[in-house]
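A closer look at the structure
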Amino acid sequence: MGKFFEDIIGSFKPIFVYALVGESGTGKSFRSKLLAEKYGIDALIDDGLLIQNDKILAGHSAKREKTYMGAVRVALFDDKEHRDEVAKAWKKARIKKLLILGTSEKMVMKIATRLQLPQPQKIIHIEEIASREEIEKAIKSRQVEGKHVIPVPSIEIKRSYPQIFSNSIKLFFRRKKMFNKGQKDGKMFEKSIVQPEFSKKGRVEISEAALTQMVMHCVMECEPAVKVKKMTIKTDKRGYKIIITIDVPFGTQLTGKIHKLQRYIIDKIEGYTGILIEEVSIVIDKITGTDFKE
């Protein structure tokens, strides 16, 4: 059979997608290579990069971004050119098994969709492969020292991202310790330690009062007929979540206008402040201007 026909047949072979989920700084990148070794995974997606056989195959690293918000967008493949490049590369490489790293199941599913991959068939949480002590140690290293890991040898990072390269580390993992399968053998891995620009500068924060004022202004600009009745703002490590309760006039095309309002609020606030709006939820409490009696 010629190479042409082999390429056609290979392109139709299904790819099996794994996911490793854990909060930022819990050691996902640190442990991803051993996980790949255990399941015979060919390649992985981590922070905007497609990595295969210790080489960066496509994409660019979120860790080169100067802002936390920019890093999140790269990791989620928000840019069409970026995601198309990586999608084309994994298809061309005829990868059979791929591991996606993400901070939540929702995130890895979104990445899979954007890269034209099947949804993950097996999801592994960091707590399944690392002890509480190991996770806490990783979190402390991230918070205190700003250390991040890219799971490729230092030669790759020095060539592609010399400005953020800090150090490299060689590790010998014993499978018995990590997976409790009884194996006593292990393998040596080299990983690169980097310090992104955004971790040097710290995180931008904004007071709840100021954020509330900005949201109210956005609503007034985008949909002046909408009345805001209540607003709740929550924060976590990934950004801000805003819940807005509103009244809307009768006759409003809810689907189109509400989605437009959500997008408008996110784009305006992120653009002006540099903070990350993780989610805007809009709750419609009342349709006004009707003859219905309460």
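Before reading further, recall that the structure is shown in the block above.
Residues numbered from 1 in each chain as written. Predicted model: local features only at pLDDT ≥ 70, side-chain atom pairs only at ≥ 80, totals over all residues. Heavy atoms only, no water.

1. Here's the deal with the sheet that holds strand β3 (residues 49-52)
Ordered by their spatial adjacency, 6 strands build an open sheet running β4-β3-β2-β5-β1-β6, and the pairing between neighbours is mixed. What marks the edges here is a single partner per strand, and that holds for β4 (55-59) and β6 (122-125). Averaged over all pairs of adjacent strands, the angle between their axes in this sheet comes to 25°, without regard to strand direction. One ladder, built from 4 bridges, connects strand β1 (residues 16-21) with β6; its direction is parallel. In the strand pairing of β6, A19 is matched with I123. On top of the sheet, helix α4 (residues 80-92) reaches β2 (43-46), β3 and β4; it is set at about 130° to β4, its chief contact. Against the sheet, helix α5 (residues 105-114) contacts β1, β2, β5 (97-102) and β6, and its axis sits at roughly 130° relative to β5. (Pairing = 2+ DSSP bridges. Helix = DSSP H or I, 4+ residues; strand = E, 2+ residues; numbered from the N terminus. Axes fitted to C-alpha atoms, helices over the stretch in contact; angles between N-to-C directions. Contact = heavy atoms within 4.5 Å.)

2. A word on α4
In this model α4 runs 18 Å from its N-terminal to its C-terminal C-alpha over 13 residues, within 8% of the 18 Å that 1.5 Å per residue would give. Every buried residue of α4 is accounted for by H82, V86, A87, A89 and W90. In an axial view of α4, the angular spread of the buried residues amounts to 165°, which keeps them on one side of the axis. Exposed and facing more than 90 degrees away from the buried side of α4 are K80, E81, K88 and K92. (Expected span 1.5 Å × (residues − 1). Buried < 20%, exposed > 50% of the residue type's maximum accessible area, 1.4 Å probe, protein only. Arc of directions from axis to C-beta.)

3. Things to note about the sheet that holds strand β11 (residues 239-249)
Here we have 3 strands laid out as an open sheet, ordered β10-β11-β12, and mixed in their pairing. Of all the strands in the sheet, just β10 (227-236) and β12 (277-288) have a single pairing partner and so form its edges. Adjacent strand axes in the sheet meet at a mean angle of 15° when their direction is disregarded. Two elements, β11 and β12, share 10 bridges in a ladder whose sense is parallel. Its bridge partner being in β12, D247 is matched across the sheet by K286. Taken strand by strand, helix α10 (residues 208-222) contacts β10 and β11, and its axis lies near 135° from that of β10.

4. Quick notes on α10
Spanning 15 residues, α10 covers 21 Å between terminal C-alpha atoms, matching the ideal 21 Å at 1.5 Å per step. Along α10, the residues that are buried comprise L211, V215, C218, V219 and C222. Viewed along the axis of α10, the buried residues span an arc of 100°, placing them on a single side of the element. In α10, those exposed residues whose orientation departs by more than 90 degrees from the buried face are Q213 and M220.

5. Describing the pairing of β2
Alternating residues of β2 divide into A43 and I45 and L44 and D46, and every residue in both groups is buried. Counting the residues that bridge the hairpin from β2 to β3 gives 2 residues, and of these D47 lies at a positive phi of roughly 50°. Pairing between β2 and β5: 3 bridges, direction parallel. Bridge pairing in β5 places A43 opposite L98.

6. A word on the environment of V17
One can find V17 in strand β1. Overall, V17 belongs to the buried group, its relative accessible area being 0%. In sequence terms V17 and I100 are 83 residues apart; their C-alpha atoms lie 7.4 Å from each other. With residues near it in sequence (within four places) discarded, V17 still touches L98, I100, L117, P118, Q119, P120, Q121 and K122.

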